[in-house]
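Report on the structure
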Amino acid sequence: MLDFKNIIANKLKEVTKIDTIEKYIEVPTNSEMGDYSLPCFKLAKEMKKAPQTIALEIKEKLKISENFFSKIEVVNGYLNFFVNNTKIAETVLNEINEKKEKYGSSTIGNGKNIVIDYSSPNIAKPFHIGHLRTTLIGNSLYRIYQYLGYHTIGVNHLGDYGTQFGKMIEAYKMWGNEYNLSEDPINKMVDMYVRINDLCKKDESVLERCRENFRLLENGDEYCTSLWNKFKDLSMVEFNKIYDVLDVKFDSYNGEAFYADKTDEVIDILTKKGKLTESQGAKVVDLEDVGISTPCIIQKANGSTIYATRDLAAIMYRARTYDFYKCLYVVAYEQNLHFKQIFEVAKYLVDEKYVKGLEHVAFGMVSLPSGRMSTRLGNVVKIEDLLNETIEKAKEIIEEKNPELEDKENIAKKIGIGAIIFNTLSTSNIKDQIFDWKTALNFNGETGPYLQYMYVRTNSILEKVGGVPDFSEVDVSKLLDNASINLIKAIYSFGTTVEQAADKNEPYIISRYLINLAQLFSNFYNENKIIGEDEETQKARVYLTYCVNIVLKTGASLLGMQMPNKM
Ligand code: ARG
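Every value quoted in this text rests on a predicted model; they were computed, and no experiment measured them.

It is worth spelling out the sheet that holds strand β8 (residues 296–299) at this point. Judged by pairing direction, the sheet is antiparallel, and its 3 strands sit side by side in the order β6-β7-β8 without closing on themselves. The open sheet has two free edges, formed respectively by β6 (276–279) and β8, since each of these has just one partner strand. This sheet shows a mean twist of 45° between the axes of neighbouring strands, independent of strand direction. Of the strand pairs in this sheet, strand β7 (residues 282–285) and β8 are connected by 3 bridges, and their pairing is antiparallel. Its bridge partner lying in β8, lysine 283 is registered against glutamine 299.

Now the structure itself:
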């Protein structure tokens, strides 16, 4: 696609002889300042001249065809570029016609592998609302990177290992017959765990038996392993229900247990490199030197490894197996220290290029507003209930707004789930959130259902005129009014928006973009009669509507959201 920024950059490079000039080019927030702008005060030092002088001199020397830019202006030391509206309209429509559903995709990631570690709940523990957030952010990043041509590997690093399983096994041995695990298994397992923990505190001999169970499990004892498998299977059934509703998939479920037999190598290397020191019987890597005051524990006094050790083994494994360009960890910011520590220690274990690719995509807390939902469901909200309840709510709304609609079940699901996904991805990762389905389901707010509604509107326009007009009959000169051009410019920037989202690992950049696009479409629709003008104008406007249709749908799919055809 014609890249206006690139055209400017090349010309500027030629004129100024500054190779890095591209990074100074901005997109002004106020469109009166043009579509692109070069703030010349950033060059003042280097060129030893006043910004205004620089701007004027550059303008003088620039010879950019009017074909591309209708106007180049100097204002207060800024050099402002106004793209030629006809050219940008042609570019966008052409590109959509060529690429259709692939519009905005790219090949920049070709040949590069990105591991994304997300969701990663703990076996026999609830899948809580924080897990929902990592699941949705990770799933979206997965789709975004894939769209940019990267080869993505989604890993669910299950919390399926640790001494707590010794306790669970003991609890099962003692009280297994009291609990019917086929019903609400996770809560029952949590109950068992709480109970055995209490008992361990009172009775040292029980604790000793739990430890023995864990040793047996580590050594592959058949009975202990079968129980561990049972806990895991029961948990996975519950987790998979959530993944199914959300349409989230993984390429690997290698969790902590997978690395249990791979931690020796970590310890060996660190020992050989002389990085391990003793601290109260435990083996640790001291990180004081790099400004981290808490050492990274590698092996506890009793000889067992910990979460961090297994994560280190996982880094080695992922480097070897996936030769990753990046390895992202979508995990709550509570684990900041953990990731700082292991990324430091990783320097002793894998090549520098891999260490550079390690990135903690930290996100904030999610809470539920107090009220009906949180009280009715108890303290630990079952995510499955949250999802179902939101779908139910969506159904009620449809029932009220459009009782004649066919296939309500399916549509309610898309709306309810879409509301949750969009709500979760509508703020930057690090911000804390309150989940409130009333806000999430507001059709007039900046929500998933609002986007879906706008999409449905584009659909019904296309349906009314009997489909997408033939591209060869579209006359872009009919699309030069402000409302149309603003919409076209937004569509033009879709690809760079997706790239930015990947660059910052922030799906919300796409959510914001889509809301803006929908609002611009609504404006276009209010300002212009799409159907009913002369035939030429109608064709052009309907085609632009089709462009919006494509971008809304594609953008939503990058968030992991599905669009209903009707609602
Ligand atoms: N199981 C952990 C939790 O629920 C998250 C694991 C994240 N991934 C990792 N490689 N440490 O908090």
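There is more to say after this.
The next thing to look at is the sheet that holds strand β10 (residues 358–363). As summarised here, the arrangement of the 4 strands in space is β5-β4-β9-β10, forming an open sheet in which the pairing is parallel. Strands with a single pairing partner mark the edges of an open sheet, and in this sheet they are β5 (151–155) and β10. The mean angle between the axes of side-by-side strands here comes to 20°, regardless of whether they run parallel or antiparallel. With 4 bridges connecting them, strand β4 (residues 113–117) and strand β9 (residues 326–332) associate as parallel partners. Across the sheet, the residue bridging to aspartate 117 is tyrosine 329, located in β9.

For the rest of this paragraph, the subject is the site of the ligand. Taken together, the residues surrounding the ligand are Asp117, Ser120, Asn122, His131, His157, Tyr307, Asp311, Tyr329, Val331, Gln335 and Phe339. In this structure, a nitrogen atom belonging to the ligand sits 2.7 Å away from a side-chain N or O atom of asparagine 122. Side-chain polar atom of tyrosine 307 to a nitrogen atom of the ligand: 2.7 Å apart, as the coordinates give it. For the ligand, whose unbound accessible area comes to 340 Å², protein coverage reaches 90%. Those elements that place two or more of their residues in the shell around the ligand are α11 (307–322) and β9. Grouping the constituent residues of the shell around the ligand by class yields 4 nonpolar, 5 polar and 2 charged.

Moving on, we get to the packing of helix α7 (residues 185–202) against helix α8 (residues 204–218). Contact geometry for α7 and α8: axes closest at 5 Å, N-to-C directions at 120°. Compared by their axis directions, α7 and α8 come out oblique. Residues Ile196, Leu199, Cys200 and Lys202 of α7 form the contact with α8, whose own contacting residues are Glu204, Val206, Leu207 and Cys210. Of the residues that constitute the contact of α7 with α8, the class distribution is 6 nonpolar, no polar and 2 charged.

Turning next to the pairing of β9. Side-chain positions along a regular strand alternate between the two faces of the sheet. Burial analysis of β9 places 7 of its 7 residues in the buried class, which makes it a mostly covered element. Taken together, the 6 bridges between β9 and β10 define a ladder with parallel strand orientation. The residue bridging tyrosine 329 from the neighbouring strand is histidine 360, located in β10.

Here we take up the environment of tyrosine 103. Within the element layout of this structure, tyrosine 103 appears in the loop between α4 (85–99) and β4. For tyrosine 103, a relative accessible area of 2% gives the class buried. Residues tyrosine 103 and isoleucine 550 lie 447 residues apart in sequence; the distance between their C-alpha atoms is 7.9 Å. What tyrosine 103 contacts, discounting residues up to four positions off in sequence, is Met1, Val92, Glu95, Ile96, Tyr147, Ile491, Tyr492, Phe494, Ile550, Val551 and Thr554. A polar side-chain atom of tyrosine 103 sits 2.7 Å from the main-chain carbonyl oxygen of isoleucine 491.

All told, the structure shown has 27 aromatic pairs when counted by the stated rule. Geometrically, the ring pair formed by phenylalanine 69 and phenylalanine 81 is edge-to-face, given 5.8 Å between the ring centres and 65° between the ring planes. Remark: phenylalanine 81 occurs in strand β3 (residues 78–83) and phenylalanine 69 occurs in strand β2 (residues 69–75); sequence separation between them is 12 residues. This pair shows no difference in class: phenylalanine 69 is buried, exactly as phenylalanine 81 is. On the basis of an interplanar angle of 90° and a centroid distance of 5.0 Å, the ring pair of phenylalanine 258 and tyrosine 259 is categorised as edge-to-face. Members of the aromatic cluster, joined through ring pairs, are Tyr118, Phe127, Phe239, Tyr243, Phe250 and Tyr253. Lysine 71 extends its terminal NZ or CZ atom over the ring of phenylalanine 82, reaching a point 4.3 Å from the ring centre. The side chain of arginine 195 reaches across the aromatic face of tryptophan 175, ending 3.9 Å from its centre.

We now examine the nonpolar core. Leu12, Leu38, Leu79, Phe81 and Ile491 are the most contacted members of the largest nonpolar core, which has 158 residues in total. Ranked by residue count, the leading element in this core is helix α22 (residues 535–559), at 13 residues. With residues up to four places along the chain from it excluded, the contact list for leucine 12 reads Lys17, Ile21, Ile25, Leu38, Ile58, Leu62, Leu79 and Phe81. If you look at the next biggest cluster of nonpolar residues, it comprises 35 residues, including Val115, Val266, Ala313 and Val345.

Before going further, it helps to spend a moment on the packing of helix α19 (residues 482–492) against α22. Relative orientation of the contacting elements α19 and α22 amounts to 35°, with a least axis distance of 11 Å. The crossing of α19 and α22 is left-handed. For the pair α19 and α22, contact is made by Ser484, Leu487, Ile488 and Ile491 and by Leu544, Cys547, Val548 and Val551, respectively. Here the residues of the contact of α19 with α22 sort into 7 nonpolar, 1 polar and no charged.

Calculation notes
- Residues numbered from 1 in each chain as written.
- Predicted model: local features only at pLDDT ≥ 70, side-chain atom pairs only at ≥ 80, totals over all residues.
- Heavy atoms only, no water.
- Pairing = 2+ DSSP bridges.
- Helix = DSSP H or I, 4+ residues; strand = E, 2+ residues; numbered from the N terminus.
- Axes fitted to C-alpha atoms, helices over the stretch in contact; angles between N-to-C directions.
- Near = heavy atom within 4 Å.
- Polar contact = N/O pair within 3.5 Å; in protein donor to acceptor, adjacent residues only side chain to side chain.
- Areas by Shrake-Rupley, 256 points an atom, 1.4 Å probe, with all protein chains shown as cover.
- Nonpolar A, V, L, I, M, F, W, Y, C, P; charged D, E, K, R; others polar.
- Parallel < 35°, antiparallel > 145°, perpendicular 65-115°, else oblique.
- Contact = heavy atoms within 4.5 Å.
- Buried < 20%, exposed > 50% of the residue type's maximum accessible area, 1.4 Å probe, protein only.
- Phe/Tyr/Trp six-rings, centres within 6.5 Å; stacked < 30°, edge-to-face > 60°.
- Lys NZ or Arg CZ within 6 Å of the ring centre and 35° of its normal.
- Core = buried A, V, L, I, M, F, W, Y, C linked by side-chain atoms within 4.5 Å.
- Left-handed = near helix turned anticlockwise from the far one by under 90°.

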